[in-house]
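# Overview (structure and organization)
Single-letter residue listing:
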Amino acid sequence: MEFERHNKLGAFSHVSSCGYEIGSRHPFRPSQVEQLVAALQIAPQTADHLLGGRGSVYRTHLDGVGPIMVKHYRRGGLLANFITRYYLRTTKTRGQIEFEQMERARNLGCGAPEPVAYASCGRFFYRAWLVTREVERSQTMAQLSRASSDRAAVAITALCHHTNILIKNNIMHADFHPGNVLVDEDDQVYLIDFDKTGIYRGGQKKLADKYRRRWCRSVQKHGLPQMLCTLMQAGVSGHRESKG
């Protein structure tokens, strides 16, 4: 297997192997790179849970890290009928952008899985992947709300805290719904799918409104317990807007 270690670019360590570019905050051993390249070539699994989105993920194990999730980026909308997995390379890949968004959220104190690496394949048009630590023994908020209303109520309180952190920092999660919230067996809450997350310029009160509306719209659309909406409405509020 061809293996080449590049110099660090900024704070990232980049490795090139078998046509794949892999970036991480920490350098990988050659054996770990081999594992990652093999994982990138495996077809993603279909989502088997409510609100699972496109379900383009694969579960595996990485030596020295543990259980990981490999996310395959796929296009949505009408363009997906013609181009399913390729993107035009400009500056950063979608994997790196989401990696950095997750890091930022975690550094602010918002619960999110730990990003491990991002990868791409292709020079001008590329395919992309994101690798994160798996949140073990977890279920989505949608699943939990139907299995245990008491635990879901506790988890919603924690989720509102994380959401208010994002609002305070003007961060808009682009796909905020109960299927993108994981709750582990210790009732720790993790937001996932930070793809296309960005800075919101319309003010924090409006941003809080958007979070509440998106959440409640999803709850109602999928027939989930109404308390998910009620508690979100009560727990998420716009912060005082900055002056000047």
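Predicted, not measured: the structure shown is a model, and the values here were computed from it.

## Considerations on the state of the cysteines
Across all of its chains, the model carries one disulfide by this definition. As a non-bridged cysteine, Cys121 has Cys18 as the owner of its nearest cysteine sulfur, 9.9 Å distant. Cys121 sits in the buried class, given a relative accessible area of 17%.

## Section: helix 4 (residues 149–168)
For helix 4, with 20 residues, the first-to-last C-alpha span of 28 Å sits near the 28 Å given by 1.5 Å per residue. All of the buried residues in helix 4 are Ala152, Ala155, Ile156, Leu159, Cys160, His162, Thr163, Asn164, Ile165, Leu166 and Ile167.

## Focus on the pairing of strand 11 (residues 181–184)
Within a regular strand, the side chains alternate between the two sheet faces. In strand 11, alternate side chains face the same way, and those of Val181 and Val183 on one face and Leu182 and Asp184 on the other are all buried. Strand direction decides the pairing type here: strand 9 (residues 138–140) and strand 11, joined by three bridges, are antiparallel. What sits directly across from Thr140, in strand 11, is Leu182. Taken together, the three bridges between strand 11 and strand 12 (residues 189–191) define a ladder with antiparallel strand orientation. Paired with Leu182 across the strands is Tyr190, a residue of strand 12. Between strand 11 and strand 12, which follow one another and run antiparallel, lie four residues, and Asp187 among them has a positive phi close to 65°.

## Remarks on the environment of His222
Considering the arrangement of structural elements, one finds His222 in the loop between helix 5 (204–221) and helix 6 (227–235). Judged by relative accessible area, His222 falls into the partly exposed class, the value being 28%. Residues His222 and Pro178 lie 44 residues apart in sequence; the distance between their C-alpha atoms is 9.9 Å.

Cut-offs used in this document
- Residues numbered from 1 in each chain as written.
- Predicted model: local features only at pLDDT ≥ 70, side-chain atom pairs only at ≥ 80, totals over all residues.
- Heavy atoms only, no water.
- Disulfide = S-S within 2.5 Å.
- Buried < 20%, exposed > 50% of the residue type's maximum accessible area, 1.4 Å probe, protein only.
- Helix = DSSP H or I, 4+ residues; strand = E, 2+ residues; numbered from the N terminus.
- Expected span 1.5 Å × (residues − 1).
- Pairing = 2+ DSSP bridges.

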